[in-house]
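# Remarks on the overall topology
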Amino acid sequence: MHHIGVAEQVLGPGKRVVVWLSGCPNNCPGCIEPEFRHLLNGQPYSLLYLFELIKPILDQVGSITFSGGEPLFQYQALLKLLRLMDHSYEVMLFSGFELHEI
């Protein structure tokens, strides 16, 4: 994971927790966050620890966005994290993949 923050009207509607994940194999031209491409350009966190970090904020704002890097580059960990969350949260994900590629 690269970092966590709270954004308002950026990376989704309203106030939301934003988790920027490290690692992206896509090398898209014009990438806005090229330093996030490298998987090791972040901090490794256990899923439970990450969840404990974001849960208090998430309970207040009710919305979360995953960005990066490429969040789907770590899709297995992302799925496990989502399973820990309450299903009432609004979840968004920004990806460099087209829907048909997922």
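Notes on the structure in this doc start here. This structure is a prediction, so every number in the text was calculated from the model and none was measured.

Definitions and limits used
Within any chain, residue numbers begin from 1 and follow the written order of that chain's sequence. A pLDDT threshold of at least 70 governs which residues receive local features in this predicted model, and a stricter bar of 80 or more applies before side-chain atom pairs are shown or counted, although totals over entire chains, interfaces and linings include all residues. With hydrogens and water excluded, all non-hydrogen atoms of the structure serve as input to the side-chain values. Each helix corresponds to a stretch of at least 4 residues labelled H or I by DSSP, and each strand to a stretch of at least 2 residues labelled E; elements are numbered beginning at the N terminus. Only C-alpha atoms enter the radius of gyration, while the globule expectation follows 2.2 Å times N to the 0.38, with N the number of residues. For the exposure calls, accessible area comes from a 1.4 Å probe over protein chains only, and a residue counts as buried if that area is under 20% of its type's maximum, exposed if over 50%, partly exposed in between. For this analysis, residues touch if any pair of their heavy atoms sits within 4.5 Å. Only the protein chains shown count as covering a residue, and every accessible area follows the Shrake-Rupley method with a 1.4 Å probe. Basic side-chain nitrogens of Lys or Arg form a salt bridge, by our definition, when they fall within 4 Å of a carboxyl oxygen of Asp or Glu. The method works on a 1 Å grid over the protein atoms by themselves. A cavity is a set of points holding a 1.4 Å probe that cannot get out, a pocket is an open set with protein on both sides within 12 Å along at least five of seven lines, and residues with an atom within 4 Å of a point line them. Grid points are joined across faces, edges and corners, and a volume is the space filled by probe spheres set on the points. Residue classes follow a fixed rule: Ala, Val, Leu, Ile, Met, Phe, Trp, Tyr, Cys and Pro count as nonpolar, while Asp, Glu, Lys and Arg count as charged, and any other residue, Gly among them, counts as polar. Think of it this way: DSSP has to see at least two bridges between two strands before they count as a pair. With the strands aimed away from the viewer, a crossover counts as right-handed if its path from the first strand over the helix to the second runs clockwise.

## Thoughts on the overall build of the protein
Within the protein one finds two helices and four strands. Ordered by position from N to C terminus, the α and β elements of the protein give β-β-α-β-α-β. In summary, the protein has a C-alpha radius of gyration of 13 Å against a globular reference of 13 Å for 102 residues, a match within 12%. Once the C-alpha set of the protein is aligned to its principal axes, its extents read approximately 35 × 30 × 25 Å. Sorting the 102 residues of the protein into buried and exposed places 31% on the buried side. Contacts in the protein between residues far apart in sequence, at least 24 positions, make up 61% of those at least 6 positions apart. With an accessible surface of roughly 6,400 Å², the protein has 57% of that area assigned to carbon and sulfur atoms.

## Description of the pattern of salt bridges
Under the criterion given, the structure shown has two salt bridges. Two residues, Glu90 and Arg16, come together in a salt bridge whose shortest N-O distance is 2.8 Å. Note that Glu90 is positioned in strand 4 (residues 90-93) and Arg16 in strand 2 (residues 15-21), a separation of 74 residues in sequence. With a shortest N-O distance of 2.7 Å, Asp59 and Lys55 are connected by a salt bridge. Of this pair, Asp59 and Lys55 both sit in helix 1 (residues 47-61), separated by four residues, roughly a single helical turn. You can call Lys55 partly exposed: its relative accessible area is 30%.

## Remarks on the layout of surface pockets
Roughly 350 Å³ of volume is contained in the largest pocket. Residues of the lining of the largest pocket, tallied by class, amount to seven nonpolar, eight polar and three charged.

## Quick look at the pairing of strand 4
In the sheet, strand 3 (residues 63-68) pairs with strand 4 via four bridges, with the strands oriented parallel. Within strand 4, the residue paired with Phe66 across the bridge is Leu93. Regarding the hand of the β-α-β motif, the stretch spanning strand 3, helix 2 (residues 75-84) and strand 4 is right-handed.

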